[in-house]
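Fold and contact review
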Amino acid sequence: MAKSALLKSSIGKKYWMALTGLFLCLFLVGHLAGNLQLLFGTQLQFNEYALFMTTNPAVKILSYVTYISILFHAIDGILLTIQNKKARPIGYAKNNAAANSAWASRNMAVLGTLILIFIATHMVNFWAKMHFTTMPLQKITVESQTGGAPQEFYLTSGWGQDKFIPVQTVDGENVVLEGRDFYSVKPVKVKFAEGYKDLHTITIEFFKDPKLGLAFTIFYVFSMAVLAFHLLHGFNSAFQSLGANNPKYTPAIKVFGKGFAIIVPLLFAIIPLYIHFFK
């Protein structure tokens, strides 16, 4: 097929929908693995994960691919919906849609729009704060063994003795902090450590907010339910669009797709529920 056909034809759009959709399924698995550290990991482990995801060059490239895939998937879905509407401007005189197709397959556009709204709000609340705001860095408090006052330290990815930097030594003259980078400025300015943006605390406080924490939690869980319905149809539909229909493999793909559509959103939903009610 010509390149123009791949981009403009209905079949071409379905190919792109399938490919971007399956790629985003892989992204969901990776993102879930990182987020589960909020349940099973420590504050440092989660913040180390956040630092790795925002500084590793390979991850940055994958991030851009993910952003493009989300936009392409959404735009392609809108264009397919419009194209299908134009192809049948007048509905059937008698149509029993519920008997011929699953509810999710008939409402993929609505489900996709709701997911897009969730992604936008999710990025504003977490991704944008991580990248564009001055977030607090992770600190630890060490109790004095001689009866003195407790001392606070920045926990950093520095080397040797610089792993723990006393907060009081960051005086803005000899040692300065810029974003999450620590510099020694005398006699010359040299970066010697990198702090951890405390995304763990930001996330916990978001879902435990006294006024809106419950609302945020409910919205997150609702969005994961929407994602589950979207995946119930989308996962199997992607393989069908790519022509991967085989009597031997298709039943297994359907079972795996149903399990994926239930388990992945469920695990995502458990995280804010646990944080709000139990953490």
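Residues numbered from 1 in each chain as written. Predicted model: local features only at pLDDT ≥ 70, side-chain atom pairs only at ≥ 80, totals over all residues. Heavy atoms only, no water.

An unreviewed UniProt entry lists the protein under the name Succinate dehydrogenase cytochrome b subunit, with Flavobacterium cerinum given as the organism.

So, about the pattern of salt bridges. Throughout the structure, instances matching the rule amount to four salt bridges. A salt bridge links Lys189 to Glu178; the shortest N-O distance between them is 2.6 Å. Placement of the pair is Lys189 in the loop between strand S5 (181-184) and strand S6 (190-194) and Glu178 in strand S4 (residues 175-178), with a sequence separation of 11 residues. Arg180 is the partner of Glu194 in a salt bridge, and the nearest nitrogen-oxygen pair spans 3.7 Å. Of this pair, Glu194 sits in strand S6 while Arg180 sits in the loop between S4 and S5, and the two are 14 residues apart along the sequence. Of the two residues examined, Glu194 and Arg180, each falls in the buried class. Residues joined by salt bridges that share partners form a network here, namely Arg180, Asp181, Lys191 and Glu194. (Salt bridge = Lys/Arg side-chain N within 4 Å of Asp/Glu carboxyl O. Helix = DSSP H or I, 4+ residues; strand = E, 2+ residues; numbered from the N terminus. Buried < 20%, exposed > 50% of the residue type's maximum accessible area, 1.4 Å probe, protein only.)

Mapped onto the elements, Phe219 comes out in helix H10 (residues 213-241). Residue classification places Phe219 among the partly exposed residues on the basis of a relative accessible area of 34%. If sequence neighbours within four positions are ignored, Phe219 has contacts with Phe118 and Thr121. (Contact = heavy atoms within 4.5 Å.)

Here the focus is unusual backbone geometry. Following Lys186, the chain continues to Pro187 via a peptide bond in cis, the omega torsion being 5 degrees. For Pro187, the location among the structural elements is in the loop between S5 and S6.

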